[in-house]
Amino acid sequence: MTAGGARPSSKRVTMRDVAAFAGVGLTTVSRVVNGVLVDPVLTAQVRDAVEQLGYRHDATASNLRRTDRRTDTVGLVLEDVANPFSSSLHRAVEDVVAERGLLLLTGSSDEDPRRERSLLTSLLTRRVDGLVVLPTGEVGKELASARQFGTPVVCVDRMLALDGVDTVTVDNAGGIAEAVRRLTSLGHRKIAFLGDRTSLWTAQQRWDGFVAAMTQARCAVRTSWARRDIHDIAAAESATIEIFTGRDSPTALITAQNLLTIGARRVLQQLQLQHSVAHVGFDDFEMADLLDPPLSVVAQDPAEIGRTAATMLLARLDGDSGPGRHVVLPTRYLARGSGEIPG
């Protein structure tokens, strides 16, 4: 046992208890637990006392006393942390901010603006140092208010034009256009399309890329083969059944979101069309390469999106006060087989 007195009672252990137990001053304890260098012998005494007493440092109280008002926390609002895209992005952001000793607080909006506003309010009430947000598109006022009070904001995946807000997206239109070019080069002229909610910036970008590439290839965009405002697997299944059980069906399909891709592929297999209908999805997902045939995709890198966004946020926390920046990352076409079925 170290130089101090008796072990305190079962009440919560305080810094004063640690100081008394270690036989040092309160200031010395404060410096050790806050990472300030002091004499190695005193540091060892304090750490030994902390371990024996089970002391837990109150970071919130310390942050309130800091002159810079930092809380060493970052808020992250995603669509759904269970979605593979969101989970990969989450891990990348977490890894980057953890290297700076920052804690990441995360929530899912479920594409519900009310839930998103509630999450943003909770994070800002907890005085997070910065925010990374995958926005629904209806929270401009809340994020503008956060910026007004000095909280850095980086939006990911979707464009949100706000002063001082940085954005990281991918080349959505270009990725879909590349899929169309690949299919038309194989002889496909009758190409169907399943798209996400029209209110989403990414969904609109991918639709625009599809229409532009189809027009350039002089292929008709048929409304009976183009279904939008589809957001989940079940809806994608229903749309795919309707498209491919009609009298005149397409020879190829582009699905512009990973859940839509899963639902569509499931139906193509049920109808035994997976070897005769070419299929390209936007977003890669686990085991897509193990299907028969393996699924061709327009792949984006959610981890790189997360790393880029977190790096931009840290730059803001370090004092970067320049205008908002929009970083566009490239996509990659992964030819695995399903998109290479000839027309």
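Okay, so let's go over this structure. Fair warning: this is a prediction, and the values are worked out from it, not measured in the lab.

### Examining the overall build of the protein
So, point 1. In terms of regular secondary structure, the protein is built from 12 helices and 12 strands.
So, point 2. Relative to the globule expectation of 20 Å for 343 residues, the C-alpha radius of gyration of the protein, 26 Å, shows a markedly less compact shape.
So, point 3. Counting only residues that meet the buried cut, the protein has 47% of its 343 residues in that class.
So, point 4. Partitioning the contacts of the protein with sequence separation of at least 6, the portion at a separation of at least 24 is 65%.
So, point 5. Of the accessible surface of the protein, which amounts to about 16,600 Å², a share of 50% is contributed by carbon and sulfur atoms.

### Looking at the packing of helix 8 (residues 172-185) against helix 9 (residues 201-216)
So, point 1. Closest axis-to-axis distance for the helix 8/helix 9 pair is 7 Å, and the angle between their directions is 40°. Considering the relative orientation of helix 8 and helix 9, their crossing is right-handed. Judged by residue contacts, N172, A173, I176, A177 and V180 of helix 8 engage W201, T202, Q205, R206, G209, F210, A213 and M214 from helix 9.
So, point 2. The residue makeup of the contact of helix 8 with helix 9, split by class, is 8 nonpolar, 4 polar and 1 charged.

### What about the pattern of salt bridges?
So, point 1. This structure, assessed with the given rule, holds 19 salt bridges.
So, point 2. Two residues, D112 and R114, come together in a salt bridge whose shortest N-O distance is 3.7 Å.
So, point 3. Here D112 falls in the partly exposed class, since its relative accessible area comes to 24%.
So, point 4. As a salt-bridge pair, D166 and R316 come within 2.8 Å of each other at their nearest N and O atoms. Here R316 lies in helix 12 (residues 302-317) and D166 lies in strand 5 (residues 166-170), a separation of 150 residues in the sequence.
So, point 5. Look at D166 and you get buried, because its relative accessible area is 0%.
So, point 6. Three or more residues joined by partner-sharing salt bridges are found here, namely E79, E111, D157 and R158.

### Comments concerning empty space enclosed by the protein
So, point 1. Here the structure, examined in full by the defined rule, presents 1 cavity of 30 Å³ or more.
So, point 2. What the largest cavity holds in volume is close to 170 Å³.
So, point 3. Among the elements that line the lining of the largest cavity, the one with the most residues is helix 9, at 3 residues.
So, point 4. The residue inventory of the lining of the largest cavity, partitioned by class, reads 5 nonpolar, 5 polar and 6 charged.

### With respect to the pairing of strand 2 (residues 103-108)
So, point 1. In this structure, strand 1 (residues 73-78) lies alongside strand 2, joined through 6 bridges in parallel fashion. From the neighbouring strand, L78 faces strand 2, where its bridge partner is S108.
So, point 2. Between the parallel pair strand 1 and strand 2, the chain is carried across by helix 5 (residues 84-98), and the sense of this crossover is right-handed.

### A word on the nonpolar core
So, point 1. If you look at the biggest cluster of nonpolar residues, it comprises 46 residues, and the most contacted ones within it are L89, F210, I254 and I305.
So, point 2. Of the residues forming this core, the biggest block, 7 residues, is contributed by helix 12.
So, point 3. Setting aside residues no more than four positions away along its own chain, L89 makes contact with L76, L78, V156, P302, I305 and G306.

### Some remarks on the environment of T261
So, point 1. Secondary-structure assignment places T261 in helix 11 (residues 258-270).
So, point 2. In this structure the C-alpha to C-alpha distance between T261 and D283, which are 22 residues apart in sequence, comes to 8.6 Å.
So, point 3. If near-sequence neighbours (up to four positions away) are discounted, T261 is found in contact with T255, H279, G281, F282, F285 and L295.

### What to know about the sheet that holds strand 7 (residues 226-227)
So, point 1. Ordered by their spatial adjacency, 6 strands build an open sheet running 7-6-8-9-10-12, and the pairing between neighbours is mixed. Two strands close off the open sheet at either side, each with one partner strand: strand 7 and strand 12 (332-334).
So, point 2. By the bridge criterion, 4 bridges tie strand 6 (residues 191-194) to strand 8 (residues 252-255) in an arrangement that is parallel. By the bridge assignment, A192 is partnered in strand 8 with L253.
So, point 3. Of the strands in this sheet, strand 6, strand 8, strand 9 (278-282), strand 10 (296-299) and strand 12 touch helix 8, which is tilted by about 170° from strand 9.
So, point 4. Running over the sheet, helix 9 touches strand 6, strand 7, strand 8 and strand 9 and is turned about 170° from strand 6.

What counts and how
- Per chain, the residues get numbers from 1 upward, laid out in the order the sequence is written.
- Residues qualify for local features only when their pLDDT is at least 70, as the model is predicted, and side-chain atom pairs are given and counted only at 80 or more; totals for whole chains, interfaces and linings, by contrast, use all residues.
- Each side-chain value is derived from all of the structure's non-hydrogen atoms; neither hydrogens nor water enter the calculation.
- For helices the rule is a DSSP run of H or I covering at least 4 residues; for strands it is a run of E covering at least 2, with both sets numbered from the N terminus onward.
- The reference for a compact globule is 2.2 Å times residues^0.38; the radius of gyration itself is calculated from the C-alpha atoms.
- Buried means the residue's accessible area, taken with a 1.4 Å probe over protein chains only, is under 20% of the maximum for its type, while exposed means over 50%, and partly exposed covers the values in between.
- Two residues form a contact once any of their heavy atoms are found within 4.5 Å.
- Accessibility throughout is a Shrake-Rupley quantity obtained with a 1.4 Å probe, and a residue counts as covered only by protein chains that appear here.
- Every axis in this analysis is a line fitted to C-alpha atoms, fitted for helices over the stretch in contact. Angles between the N-to-C directions lie between 0 and 180 degrees.
- Handedness of a helix crossing follows the sense of rotation of the near helix relative to the far helix, less than a right angle counterclockwise being left-handed and clockwise being right-handed.
- Each residue gets one of three labels, nonpolar for Ala, Val, Leu, Ile, Met, Phe, Trp, Tyr, Cys and Pro, charged for Asp, Glu, Lys and Arg, and polar for the others, Gly among them.
- Any Lys or Arg side-chain nitrogen located within 4 Å of an Asp or Glu carboxyl oxygen qualifies as a salt bridge.
- A 1.4 Å probe that fits into a set of points on a 1 Å grid over the protein atoms alone but cannot get out defines a cavity; an open set with protein on both sides within 12 Å along at least five of seven lines defines a pocket, and lining residues are those with an atom within 4 Å of a point.
- Grid points are joined across faces, edges and corners, and a volume is the space filled by probe spheres set on the points.
- DSSP calls a pair of strands paired once it identifies at least 2 bridges connecting them.
- Seen with the strands pointing away from the viewer, any crossover whose path from the first strand over the helix to the second strand runs clockwise is right-handed.
- In plain words, nonpolar cores are sets of buried Ala, Val, Leu, Ile, Met, Phe, Trp, Tyr and Cys residues tied together by side-chain atoms within 4.5 Å.

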